[in-house]
Amino acid sequence: MLKPLYIIPARGGSKGIPRKNIKALGGRPLIAYTIDAAKEAQSRTGGYILLSTDDAEIASVARECGLDTDYMRPAELGSDTTGSREIILDAMDWASANGIDYDCVVLLQPTSPFRTAADIICCLDKFTDGTDMAVTVCETDSNPYYTLFETDSEGYLHISKGDGLYTRRQDVPPVYEYNGAVYVINPDSLRRMPLGAFPHRVPYVMPKERSIDLDTPEQWLLAEYLIKK
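Right, let's walk through the structure included here.

Cut-offs used in this document
- Residues numbered from 1 in each chain as written.
- Predicted model: local features only at pLDDT ≥ 70, side-chain atom pairs only at ≥ 80, totals over all residues.
- Heavy atoms only, no water.
- Helix = DSSP H or I, 4+ residues; strand = E, 2+ residues; numbered from the N terminus.
- Buried < 20%, exposed > 50% of the residue type's maximum accessible area, 1.4 Å probe, protein only.
- Contact = heavy atoms within 4.5 Å.
- Patch = residues over 30% accessible without salt bridge, like charges linked within 9 Å, V, L, I, M, F, W, Y side chains within 5 Å.
- Areas by Shrake-Rupley, 256 points an atom, 1.4 Å probe, with all protein chains shown as cover.
- Salt bridge = Lys/Arg side-chain N within 4 Å of Asp/Glu carboxyl O.
- Pairing = 2+ DSSP bridges.
- Axes fitted to C-alpha atoms, helices over the stretch in contact; angles between N-to-C directions.
- Core = buried A, V, L, I, M, F, W, Y, C linked by side-chain atoms within 4.5 Å.

### Details of the side chain of Thr 69
When you line up the elements, Thr 69 lands in the loop between α2 (56–64) and α3 (84–97). With relative accessibility at 14%, the residue Thr 69 sits in the buried group. If sequence neighbours within four positions are ignored, Thr 69 has contacts with Leu 51, Ala 59, Ala 62 and Arg 63.

Take a look at the structure:
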């Protein structure tokens with residue numbers, strides 16, 4: 001059985017939605033939904049949940065939600081230019097230095113409040129030997145075989161992928177986009193290369209209604225509507 005290191009990254013700064021990680025959604029701090037899902041998954045898989053934040057208020061809210069916060073992210077990793085890889089590697093180093101044994105990293109961003117523990121478990125099930133990463137995706141509306149176009153050197157539009165002869169959306173190959181909900185990562189792969197360079201990535205498909213990634217005020221309004229429903 002896998003020994004997951006669950007990492008919840010939550011920096012204090014946010015431009016699109018100020019203080020979004022602890023902003024109230026449906027009467028609860030946004031981060032509470034991810035903590036709940038992580039704790040439920042942990043009850044079935046074991047492992048360790050680690051909050052990665054540079055913000056004392058976020059750490060306090062997480063404690064109120066029942067999550068220990070022994071680790072604090074270094075201030076130099078708190079800017080909006082810091083990549084996920086650097087954040088994960090620092091958390092991995094802290095875990096290893098503190099005797100926490102793990103063989104995969106599960107990255108759970110607080111901006112995916114509709115992700116469930118079952119989604120986490122299903123994505124973990126996709127992670128096998130030889131996999132660099134299992135990742136949650138959803139089917140995208142824009143399809144490079146049908147609705148996405150590029151311009152050539154003369155400025156004329158042509159279909160982005162394929163021969164452009166499809167006449168029905170139902171016939172085109174499905175394409176997917178990351179939905180930001182769950183990333184199950186091979187620690188050795190991450191130490192060797194960036195996430196975008198992983199050659200062996202496998203998808204776990206989530207429905208669109210649970211794939212909202214909160215980044216803009218408009219997305220927040222949609223999430224409020226769904227929470228009420």
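### Overview of the environment of Leu 30
Within the element layout of this structure, Leu 30 appears in helix α1 (residues 30–45). Not counting the four nearest positions on each side in its chain, Leu 30 is found in contact with Lys 20, Asn 21, Ile 22, Lys 23, Leu 25, Pro 110, Thr 111, Pro 113, Leu 214 and Trp 220.

### As for a nonpolar patch on the surface
A cluster of nonpolar residues, Leu 222, Tyr 225 and Leu 226, forms a patch on the protein surface that exposes about 260 Å² of accessible area. Inspection of the secondary structure assignment puts Leu 226 in helix α6 (residues 217–228).

### Here we look at the sheet that holds strand β9 (residues 176–185)
Read across the sheet, six strands follow the order β4-β1-β5-β9-β6-β10 without closing on themselves; strand pairing throughout is mixed. Taken across any chain shown, the strands that pair with only one partner, and hence form the sheet edges, are β4 (48–52) and β10 (201–205). When strand polarity is set aside, the average angle formed by the axes of neighbouring strands in this sheet is 35°. When strand β1 (residues 4–9) meets β4, the two strands line up parallel, connected through five bridges. Looking at the pairing, Leu 5 lines up with Tyr 48 of β4.

### Details of the environment of Gly 12
The residue Gly 12 is located in the loop between β1 and β2 (24–25) in this model. Placed eleven residues apart in sequence, Gly 12 and Lys 23 show a C-alpha to C-alpha distance of 11 Å.

### Considering the nonpolar core
With 32 residues, the main nonpolar core has Ile 8, Val 106, Ile 120 and Val 184 as its most contacted residues. Only β1, α1, β4, α2, β5 (104–107), α4 (117–126) and β9 provide two or more residues apiece to this core. When residues in this core are grouped by element, the largest group, six residues, is from α1. Core analysis: the second largest hydrophobic core is formed by 22 residues, Met 92, Val 135, Val 137 and Ile 185 among them.

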